[in-house]
Amino acid sequence: CGGQHAHTLTPGAAPTCSPCRHHGMSGDLRTTAASVVSWFLLNIAIGNLNGWILKHHGFSYPVVLTAVHMLCCWLLSAVCLVTILPPADPRPTPVGTVAKVRTLALAFCASVALGNIALRYIYVSFAQMVSAASPFFTMLLMGAMVGKRYSLAQYSAIVPMCGGVMMCTVGEINFHMLGFTAVVASTLLR
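Residues numbered from 1 in each chain as written. Predicted model: local features only at pLDDT ≥ 70, side-chain atom pairs only at ≥ 80, totals over all residues. Heavy atoms only, no water.

A.B. asks: Can you walk me through the packing of helix α1 (residues 27–56) against helix α2 (residues 62–83) in this structure?
C.D. replies: At a closest axis distance of 11 Å, the pairing of α1 and α2 adopts a crossing angle of 145°. For the pair α1 and α2, the crossing hand works out as right-handed. Contacts between α1 and α2 involve Ile46, Asn50, Ile53 and Leu54 from the first element and Pro62, Leu65 and His69 from the second. (Axes fitted to C-alpha atoms, helices over the stretch in contact; angles between N-to-C directions. Helix = DSSP H or I, 4+ residues; strand = E, 2+ residues; numbered from the N terminus. Left-handed = near helix turned anticlockwise from the far one by under 90°. Contact = heavy atoms within 4.5 Å.)

A.B. asks: Please clarify how the side chain of Ser111 should be interpreted in this entry.
C.D. replies: Position of Ser111 among the secondary structure elements: in helix α3 (residues 95–121). In contact with Ser111, not counting residues within four places along its chain, are Ser186, Leu189 and Arg190.

A.B. asks: I tried to follow α2 on my own but got confused; where do I start?
C.D. replies: Two residues of an α-helix separated by three or four positions point the same way, owing to the 3.6 residues in each turn. A rise of 1.5 Å per residue sets the reference length of α2, with its 22 residues, at 32 Å; its end C-alpha atoms lie 31 Å apart and thus fit the reference within 8%. Those residues of α2 lying buried are Pro62, Leu65, Thr66, His69 and Met70. The arc that holds the buried residues of α2, viewed along the axis, is 135°, so those residues lie on one side. Facing away from the buried side of α2 by more than 90 degrees, the exposed set consists of Trp74, Val82 and Thr83. Packing partners of the buried residues in α2 comprise α1 and α3. (Expected span 1.5 Å × (residues − 1). Buried < 20%, exposed > 50% of the residue type's maximum accessible area, 1.4 Å probe, protein only. Arc of directions from axis to C-beta.)

A.B. asks: Would you mind showing me how to read the environment of Val124 here?
C.D. replies: Take Val124: it is sitting in helix α4 (residues 124–131). Apart from the residues lying within four places of it in its own chain, the contact partners of Val124 are Gly47, Asn48, Gly51 and Leu119.

Encoded structure:
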């Protein structure tokens with residue numbers, strides 16, 4: 001790099017520079033930051049777009065919308081794996097790993113489908129408010145499924161956050177029981 005700062009020399013590898021004022025953020029950190037920001041922005045865009053399609057255009061097929069969403073994700077992931085991020089080790093994935101990923105993928109797909117069903121009946125802002133209670137649901141599920149115990153401080157931190165969210169849902173003008181049930185189920189599956 002030509003700068004007067006620390007370099008890492010590994011036998012058989014190109015020299016790399018440690019992050020410094022000369023270069024700013026390291027490449028891995030930049031990639032991670034860009035990934036998180038793009039994921040965040042895409043989630044906002046998709047949530048609002050789905051709500052807009054379901055509410056303002058009378059599209060009454062939220063599961064079809066979910067199927068299109070999943071198909072686009074699969075196609076874009078495949079293109080990305082072939083062009084930008086080819087696997088370093090192309091060996092087949094073990095069957096146990098495939099089963100675990102399949103279970104998580106089905107839960108995620110069901111979560112998105114239920115979220116889209118909810119958006120047919122409630123507004124995106126209300127759905128986001130209910131989804132903010134996911135730490136509470138995570139603690140409940142971890143306790144029920146694997147016996148995880150949390151400290152009093154952790155429970156105390158959850159109460160004002162999730163309690164506030166629940167209080168906000170009580171006075172919702174556009175409350176619909178089916179939409180509320182679907183968004184709670186969607187949040188549970190995350």
